[in-house]
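Architecture at a glance
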Amino acid sequence: MNEWLATHLRYRVLLPKESQAPNLLVSAALSASHVGSGPLRLEPQYMNLGQAAGVAAVQVATGRARTVQSVNVTELQATLVAQGVTIRTTTTSSNASGR
């Protein structure tokens, strides 16, 4: 995936509130404002979200996290990068403008 296509989609977009649905990851029916919904229409974002959900589920299944809501996001990001997923963890003026 090209660097300019990487967008800021936070892990928490996959998570309902733990009190309402513990250990549920939702990778296809996300709730977002009109600002956040634009990048969600792109197929690469769905692939990345699905992969992130799978990596998070492995953290829980292997005992590295108690619930999907308590997943170590830094570890999740490192695993995704090691698997070839392009992510951005910081915002700069050039990244924010999409250049």
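Here the structure is a predicted model, which means the values were calculated and not measured. (Residues numbered from 1 in each chain as written. Predicted model: local features only at pLDDT ≥ 70, side-chain atom pairs only at ≥ 80, totals over all residues. Heavy atoms only, no water.)

1. A few points about the overall build of the protein chain
If you tally the helices and strands in the protein chain, you get 4 helices and 0 strands. Secondary structure of the protein chain in N-to-C order comes out as α-α-α-α. Counting across all 99 residues of the protein chain, residues that qualify as buried make up 26%. Surface accessibility of the protein chain: about 6,300 Å² in total, with carbon and sulfur atoms responsible for 54%. (Helix = DSSP H or I, 4+ residues; strand = E, 2+ residues; numbered from the N terminus. Buried < 20%, exposed > 50% of the residue type's maximum accessible area, 1.4 Å probe, protein only. Areas by Shrake-Rupley, 256 points an atom, 1.4 Å probe, with all protein chains shown as cover.)

2. Regarding helix α2 (residues 43-61)
Helix length check: α2, at 19 residues, gives a terminal C-alpha distance of 27 Å against a target of 27 Å (1.5 Å per residue), a fit within 8%. Looking only at α2, the buried set comprises Gln45, Asn48, Leu49, Ala52, Ala53, Val55, Ala56 and Gln59. Gly63 occupies a position one or two residues after α2 and carries a positive phi of about 85°. (Expected span 1.5 Å × (residues − 1).)

3. As for the confidence of the model for the protein chain
For the protein chain, mean pLDDT is 79; residues scoring 70 or higher make up 74% of the total. Across the protein chain, the element-wise mean pLDDT spans from 39 in helix α4 (residues 93-96) up to 94 in helix α3 (residues 73-82). Note on residues 91-99: pLDDT is under 50 here. Beyond four places in sequence and across chains, it has 6 contacts. (pLDDT = per-residue confidence, 0-100. Contact = heavy atoms within 4.5 Å.)

4. What about the packing of α2 against α3?
Relative to each other, α2 and α3 sit at 125°, their axes nearing to 10 Å. Classified by the angle their axes make, α2 and α3 are oblique. For α2 against α3, the interelement crossing comes out right-handed. Of the residues in α3, those in contact with Gln51, Ala52, Val55, Ala56 and Gln59 of α2 are Glu75, Leu76, Thr79 and Leu80. Of the residues in the contact of α2 with α3, the class split is 5 nonpolar, 3 polar and 1 charged. (Axes fitted to C-alpha atoms, helices over the stretch in contact; angles between N-to-C directions. Parallel < 35°, antiparallel > 145°, perpendicular 65-115°, else oblique. Left-handed = near helix turned anticlockwise from the far one by under 90°. Nonpolar A, V, L, I, M, F, W, Y, C, P; charged D, E, K, R; others polar.)

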